[in-house]
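Fold and geometry: a report
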Amino acid sequence: MTELPLTSRARPDRRPHALGEWRALGGYAAVERARAMPPAEVIDMVEAAHLNGRGGAGFPAGRKWRFMPERGTSPGEGPNYLIVNGDEMEPGAFKDRYLLEALPHQVLEGAIITAHATHCDEAIILIRDEYRPGIAAVEHAIHEARDAGLLGGLHVRVHPSAGRYIVGEETALITALEGHRAVPRKRPPFPAQSGLWGRPTTVNNVETISLVPHILDLGAQRFRALSRTEEGGTKLYGVSGRVKRPQLIEAPMGTTARELIERAGGISGDGRLRAFQPGGGASGFLGPEHLDLPLDFGHVAVAGSMFGTGMLIVLDGSACPIGLLARHMRFYARESCGWCTPCREGLPLVSKILDRFEAGQGRRADLDLLHMTADEASPRGRSFCDLMGGAMAPLSSGLRMFAAEFEARLAEGERP
Ligand code: SF4
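Below or above, wherever it landed, is the structure these notes cover. (Residues numbered from 1 in each chain as written. Predicted model: local features only at pLDDT ≥ 70, side-chain atom pairs only at ≥ 80, totals over all residues. Heavy atoms only, no water.)

Before going further, it helps to spend a moment on the overall build of the protein. Secondary structure assignment for the protein yields 17 helices and 8 strands. A compact globule built from 416 residues should have a C-alpha radius of gyration of about 22 Å, and the protein, at 22 Å, falls within 12% of that. In terms of overall dimensions, the protein has C-alpha extents of about 75 × 45 × 35 Å along its principal axes. Residue burial in the protein is summarised as follows: out of 416 residues, 59% are buried. (Helix = DSSP H or I, 4+ residues; strand = E, 2+ residues; numbered from the N terminus. Rg over C-alpha atoms; globule rule 2.2 N^0.38 Å. Buried < 20%, exposed > 50% of the residue type's maximum accessible area, 1.4 Å probe, protein only.)

Here it is, written out as structure tokens:
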């Protein structure tokens, strides 16, 4: 059980546990342990466990928590907030959905412990609106835990998200919760200084929160040692695209793409790996030479991509990479919040050009424009938030890796 702390207690039918069943499996023992400790000690443990945030950026969770002020020490009145981010919309990502639906008490335990460590009085579990079974499961778990007196003084509620990709960005999420159009905010101030309603706020992803009880149960060192690399614990990897059995796999942090693809039944289609995205739709492509790369935030960054959500999207030799890029760009163009011109205007243009290429109607000038957009818009800081840069990552690497494919499509378009 300790080898796979996140998923080994899940029921085979994926239905959520009733509270009694969850407690019989050891549920809520971690909450008692955490409450017996001062908040700073819980943070020490999470730091020693080397828990990185699993929402995409990989920032160390304990370091983020340390920014939160103690109750009554920040100016003004009102609670400190914890927001559990379940607004999962990244192309290729489906891990939070599983955790919310199958293990809602685990999410809730993690939220209670995190709220204790970060001096929060109120926790909001924000869940993508389409995840109705997840919303129902977490609401039921909250009722059960409240009736059993397990929440202590913590107010917890579920908030269905407005259903836009940008709501997953932590500052846009805060703006949306305040009832405004979901646009990101400038940092500083960081949410720990001034977040929801101007109060100190911590935002953590569902998977990050779900791992927290296991650090308390196992101890920091054992949790950290579950990983094969410096980044502690296990990871809920996803494998989709051209594999025989797309699925979620909990495995040590640092597991390789080769092992994950094998466990997903191997490559489908023509059976040859052409490329893979290691971290969902907004990560640059890696090739077969990276099959044995340990997949964690650090190693994937050194290889020139992003570990992001840890959701692998696999392409075989017969898949059309231009078609995949076109679908990704259609998504990011639709989901742009429209605030910055390069993102608002650039993404629909890129999407239209890729559609033309996919249909064999690309032109040389179009290809030049794709290169120019990727070069100009990729660097951080060219647009307000990371959506534009993230969308450019697969385009930049795709233009390099699939140059022959683009040329072939170009030749089709230029044929009289
Ligand atoms: S980069 Fe795009 S999503 Fe981000 S703030 Fe600008 S317009 Fe909005």
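Moving on from the model shown.
Close to the ligand lie 13 residues; Cys337, Trp339, Cys340, Cys343 and Cys385 are nearest. Here the residues of the shell around the ligand sort into 10 nonpolar, 3 polar and no charged. (Near = heavy atom within 4 Å. Nonpolar A, V, L, I, M, F, W, Y, C, P; charged D, E, K, R; others polar.)

All chains considered together, the criterion is met by 33 salt bridges. Residues Arg356 and Asp366 are paired through a salt bridge, measuring 3.0 Å at the closest nitrogen-oxygen approach. Residue Arg356 is found in helix H14 (residues 341-358), and its partner Asp366 is found in helix H15 (residues 364-377); the two are separated by 10 residues along the sequence. For Arg356, a relative accessible area of 23% gives the class partly exposed. (Salt bridge = Lys/Arg side-chain N within 4 Å of Asp/Glu carboxyl O.)

A few words on the nonpolar core. Core analysis: the biggest nonpolar cluster contains 59 residues, and Tyr28 and Leu108 have the highest contact counts within it. Counting residues in each nonpolar core, the second largest holds 50 residues, with Tyr81, Ile83, Leu196 and Ala377 among its members. (Core = buried A, V, L, I, M, F, W, Y, C linked by side-chain atoms within 4.5 Å.)

The next thing to look at is the sheet that holds strand E1 (residues 81-86). By definition, the strands of a sheet pair up through backbone hydrogen bonds, in either a parallel or an antiparallel sense. In spatial order, the strands read E3-E2-E1-E4; together these 4 strands make up an open sheet with parallel pairing. With one partner strand each, in any of the chains shown, strand E3 (155-160) and strand E4 (201-205) form the two edges of the open sheet. For this sheet the average axis-to-axis angle between neighbouring strands, irrespective of direction, equals 20°. In terms of strand pairing, E1 meets strand E2 (residues 122-127) through 6 bridges, oriented parallel. Bridge pairing links Gly86 to Ile127 in E2. (Pairing = 2+ DSSP bridges. Axes fitted to C-alpha atoms, helices over the stretch in contact; angles between N-to-C directions.)

Across the interface, H15 lies against helix H16 (residues 386-401) with an axial gap of 9 Å and an inter-helix angle of 130°. Taken together, the axis directions place H15 and H16 in an arrangement best described as oblique. Of the two possible hands of crossing, H15 and H16 adopt the one that is left-handed. Contact residues: Leu367, Leu370, His371, Thr373, Ala374 and Ala377 in H15; Met388, Gly389, Met392, Leu395, Ser396 and Leu399 in H16. Classifying every residue of the contact of H15 with H16 by side-chain character gives 8 nonpolar, 4 polar and no charged. (Parallel < 35°, antiparallel > 145°, perpendicular 65-115°, else oblique. Left-handed = near helix turned anticlockwise from the far one by under 90°. Contact = heavy atoms within 4.5 Å.)

This part is about the environment of Ile174. The residue Ile174 is located in helix H8 (residues 170-177) in this model. Distance from Ile174 to Arg185, taken between C-alpha atoms, is 8.9 Å for residues 11 residues apart in sequence.

Turning next to the environment of Val138. Within the secondary structure, Val138 sits in helix H7 (residues 132-147). What makes Val138 buried here is its relative accessible area of 1%. Setting aside residues up to four positions removed in sequence, Val138 forms contacts with Leu100, Pro104, Ile125, Ile127 and Val158.

Treat this as a map of the structure, not an account of what it does.
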